[in-house]
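Observations on the model geometry
Next come the chains, spelled out residue by residue.
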Amino acid sequence: MLEVSSMRSVVMDLFELRTAVNLLHGTERESDRQLRLTQLGELAGTIMHEVNQPLGAIISSADAALRWLDRDVPNVASATRSIQRIRAIAGRSGRTIADLQLLSANILIDFTEQSLNSIVEEAVRISKPQLALAEVTTTICLDPARPVAKANMDLLLQVMLNVIQNAIDSVLEVSDRKRTLSLRTFTSSESVIVEFEDNGVGLSQDPGADLFDPLYTTKKSGMGLGLALCRRVMVAHGGSIQARPNPVCGATFAVSLPQVAPSRQCSNVVG
Ligand code: ADP
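Described in the following lines is the structure provided in the data block. (Residues numbered from 1 in each chain as written. Predicted model: local features only at pLDDT ≥ 70, side-chain atom pairs only at ≥ 80, totals over all residues. Heavy atoms only, no water.)

On to the environment of Asn199. Within the element layout of this structure, Asn199 appears in the loop between β5 (191–198) and α5 (226–236). A relative accessible area of 10% means that Asn199 is categorised as buried. For the pair formed by Asn199 and Val248, sequence separation is 49 residues and the distance between their alpha carbons is 8.4 Å. Aside from chain neighbours lying at most four places away, what touches Asn199 is Val171, Val174, Arg177, Lys178, Arg179, Thr180, Cys249 and Gly250. Within the structure, Asn199 has its side chain in polar contact with the backbone nitrogen of Thr180 (distance 2.9 Å). (Helix = DSSP H or I, 4+ residues; strand = E, 2+ residues; numbered from the N terminus. Buried < 20%, exposed > 50% of the residue type's maximum accessible area, 1.4 Å probe, protein only. Contact = heavy atoms within 4.5 Å. Polar contact = N/O pair within 3.5 Å; in protein donor to acceptor, adjacent residues only side chain to side chain.)

And the structure:
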């Protein structure tokens, strides 16, 4: 039988244990809150980053539409095309943001069979004004076997737009050579791959630098979120994104996805 003093000591131990457990739960709740805040901040930054690019494209298309209408003889057909482009960009951005929200909540997003070649062509088409402005000569080499992967079209397109924008930023820093960007698609051991090779400034020499870490940036007005987001999107696809320096100058980014077996490919996929 326990003596009164021993009982008191057991009660005290229990009390202290309870207090410690409460404290621990409080700390857990606080760190949970901190984690959520960090995730929220990252999501907000990502959305800002993803909204900036289409906003730029919307403004230039709106300016073009105004110019077409402002002529002595207004060119309504061309103005209509610019407005349709605005509509398409806005629609796609809305879908991308919705998909990003799903991705950040770890909810399964919609994956369907997609022609890699078609998405590459679309990404280049959308980036055309920025590529032209930066005087980048772009070459595209598409795999005639028309590789197909299961992907979320809007998110994969967004990854490609990010990589192309980074290539433009990189080549803009060089003026001693003709600026180039080469894109190619191919299949290699069960993966479909698209490579983006630029002849810009090349990758940072800092051995500790991880380009894919959130907030890593070497640009004055960079946010360092684009590649982190690209990596997250590619991991959600069961794929990857990697960077390597080129032998002479510039960098190559490779985006890869698991290939859909040829026998299971859709017959209505075009590319
Ligand atoms: P941001 O563009 O805001 O800097 P990103 O996450 O897209 O953010 O890129 C992170 C960093 O990776 C860039 O600041 C740059 O240092 C490096 N980087 C990305 N793409 C290239 C490229 N094509 N060539 C050289 N460095 C690159």
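Right, let's talk about the sheet that holds strand β7 (residues 251–258) for a bit. Taken in spatial order, the five strands of this open sheet run β2-β4-β5-β7-β6, and their pairing is mixed. Edge strands, defined here as strands with exactly one partner in the open sheet, are β2 (136–141) and β6 (240–245). Averaged over all pairs of adjacent strands, the angle between strand axes in this sheet comes to 15°, irrespective of strand direction. Bridge count between β2 and strand β4 (residues 179–188): six bridges; the pairing is parallel. Its bridge partner lying in β4, Ile140 is registered against Leu183. Seen against the sheet, helix α3 (residues 116–133) touches β2, β4, β5 and β7 and runs at an angle of roughly 170° to β4. Across the sheet, helix α4 (residues 153–171) is in contact with β2, β4, β5, β6 and β7; its angle to β5 comes to roughly 20°. (Pairing = 2+ DSSP bridges. Axes fitted to C-alpha atoms, helices over the stretch in contact; angles between N-to-C directions.)

In this section: the side chain of Ser170. Relative to the assigned elements, Ser170 resides in helix α4. Judged by relative accessible area, Ser170 falls into the buried class, the value being 12%. Ignoring any residue separated from it by four or fewer positions in sequence, one finds Ser170 in contact with Asp198, Gly200, Val201 and Gly202.

Okay, the site of the ligand next. Looking at the ligand, there are 19 residues lining it, with Thr217, Thr218, Lys219, Met223 and Leu227 nearest. Here Ser170 contributes a side-chain N or O atom positioned 3.4 Å from a nitrogen atom of the ligand. Take Asp198: an N or O atom from its side chain is 2.9 Å from a nitrogen atom of the ligand. Spatially, the ligand is embedded in the largest pocket. Those elements that place two or more of their residues in the shell around the ligand are α4, α5 and β7. When residues in the shell around the ligand are grouped by element, the largest group, three residues, is from α4. Residues of the shell around the ligand, tallied by class, amount to nine nonpolar, eight polar and two charged. (Near = heavy atom within 4 Å. 1 Å grid on protein atoms, 1.4 Å probe; cavity = no way out; pocket = protein on both sides within 12 Å on 5 of 7 lines; lining within 4 Å. Sits in = over half its atoms within 2 Å of the grid points. Nonpolar A, V, L, I, M, F, W, Y, C, P; charged D, E, K, R; others polar.)

With that settled, consider the environment of Thr112. By the secondary structure assignment, Thr112 is in strand β1 (residues 112–115). We classify Thr112 as partly exposed; its relative accessible area is 36%. Once the C-alpha coordinates of Thr112 and Ala149 are considered, the two residues, 37 residues apart in sequence, prove to be 8.0 Å apart. Among residues more than four places away in sequence, those in contact with Thr112 are Ala149, Lys150 and Ala151. Only 2.8 Å separates the side chain of Thr112 from the side chain of Gln114, close enough to count as a polar contact.

That's the geometry; what it means functionally is another story.
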